Amino acid sequence: MAYCTQDDILYLLNETALIQLTDDDGAGEIDDEKVTRAIADADAAIDAYCQDRYAIPLSPVPAKIRQISVDIAAYNLYSRSDRVLPVRLREKFSFGGYD
């Protein structure tokens, strides 16, 4: 069970950005496999961090965990591309958004 969905990521990023981050073949559409991989990698990082204190996978998924999964997955997608991370996300990903 994933902690977030592609729709959750689309709430943070727009569809055009997600296409640009995943469409390596120029098909003009979101590559669902790349999004799924970014989410799985994000969730693995969350599980690794939480496994000593909590039974994983976390269920039900707390809202804050969903948010963190979205943020890490989006960061993972930007990390695999040559696109510049927008300032608003750079500030958020530097843990400014986790007060």
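Residues numbered from 1 in each chain as written. Predicted model: local features only at pLDDT ≥ 70, side-chain atom pairs only at ≥ 80, totals over all residues. Heavy atoms only, no water.

Caption draft 1: Broad picture of the overall build of the protein. Summing up its helical and strand segments, the protein has five helices and zero strands in all. Its helices and strands taken in sequence order, the protein reads α-α-α-α-α from the N to the C terminus. Expressed along its principal axes, the backbone C-alpha trace of the protein runs to roughly 45 × 25 × 20 Å. Put simply, 66% of the contacts in the protein that link residues at least 6 apart link residues at least 24 apart. One way to put it: in the protein the 10 positive side-chain charges average out to a point 7 Å from where the 18 negative ones average out. (Helix = DSSP H or I, 4+ residues; strand = E, 2+ residues; numbered from the N terminus. Contact = heavy atoms within 4.5 Å. Lys, Arg positive; Asp, Glu negative; His and termini not counted. Charge placed at Lys NZ, Arg CZ, Asp CG, Glu CD.)

Caption draft 2: Looking closely at the nonpolar core. Of all hydrophobic cores here, the largest spans 20 residues; its most connected members are Ile 9, Leu 13, Leu 18 and Tyr 78. In this structure Ile 9 touches Cys 4, Leu 18, Val 35, Ile 39, Val 70 and Ala 73, once residues within four positions along its chain are discounted. Counting five residues, the second largest nonpolar core, distinct from the first, contains Ile 46, Cys 50, Leu 58 and Ile 65. (Core = buried A, V, L, I, M, F, W, Y, C linked by side-chain atoms within 4.5 Å. Buried < 20%, exposed > 50% of the residue type's maximum accessible area, 1.4 Å probe, protein only.)

Caption draft 3: Local environment of the packing of helix H3 (residues 32-50) against helix H4 (residues 63-79). Running from N to C, H3 and H4 point in directions that differ by 125°, and their axes come no closer than 8 Å. Put simply, H3 runs oblique to H4. Judged by the twist between their axes, the crossing of H3 over H4 is right-handed. In this structure, H3 uses Lys 34, Val 35, Ala 38, Ile 39, Asp 41, Ala 42, Asp 43 and Ile 46 to contact H4, whose residues at the interface are Ile 65, Ile 68, Ser 69, Ile 72, Ala 73, Asn 76 and Leu 77. (Axes fitted to C-alpha atoms, helices over the stretch in contact; angles between N-to-C directions. Parallel < 35°, antiparallel > 145°, perpendicular 65-115°, else oblique. Left-handed = near helix turned anticlockwise from the far one by under 90°.)

Caption draft 4: Broad picture of the environment of Asp 82. Relative to the assigned elements, Asp 82 resides in the loop between H4 and helix H5 (87-96). For the pair Asp 82 and Gln 20, spaced 62 residues apart in sequence, the C-alpha separation works out to 9.9 Å.

Caption draft 5: Just the pattern of salt bridges, in detail. Enumeration according to the criterion identifies four salt bridges in this entry. Lys 34 is paired through a salt bridge with Asp 31; the nearest N and O atoms lie 2.7 Å apart. Between Arg 37 and Asp 41 there is a salt bridge whose closest N-O contact spans 3.3 Å. Of this pair, Arg 37 and Asp 41 both sit in helix H3, four residues apart, which is roughly one turn of the helix. Residue class for Arg 37 comes out exposed when judged on its relative accessible area of 56%. Of the residues examined, Asp 41 reaches a relative accessible area of 36% and is grouped as partly exposed. (Salt bridge = Lys/Arg side-chain N within 4 Å of Asp/Glu carboxyl O.)

Caption draft 6: Structural view of the environment of Ala 45. Inspection of the secondary structure puts Ala 45 in helix H3. Classification of Ala 45 by relative accessible area gives partly exposed; the value is 41%. C-alpha of Ala 45 to C-alpha of Ser 69: the two residues are 24 residues apart in sequence and 8.9 Å apart in space.

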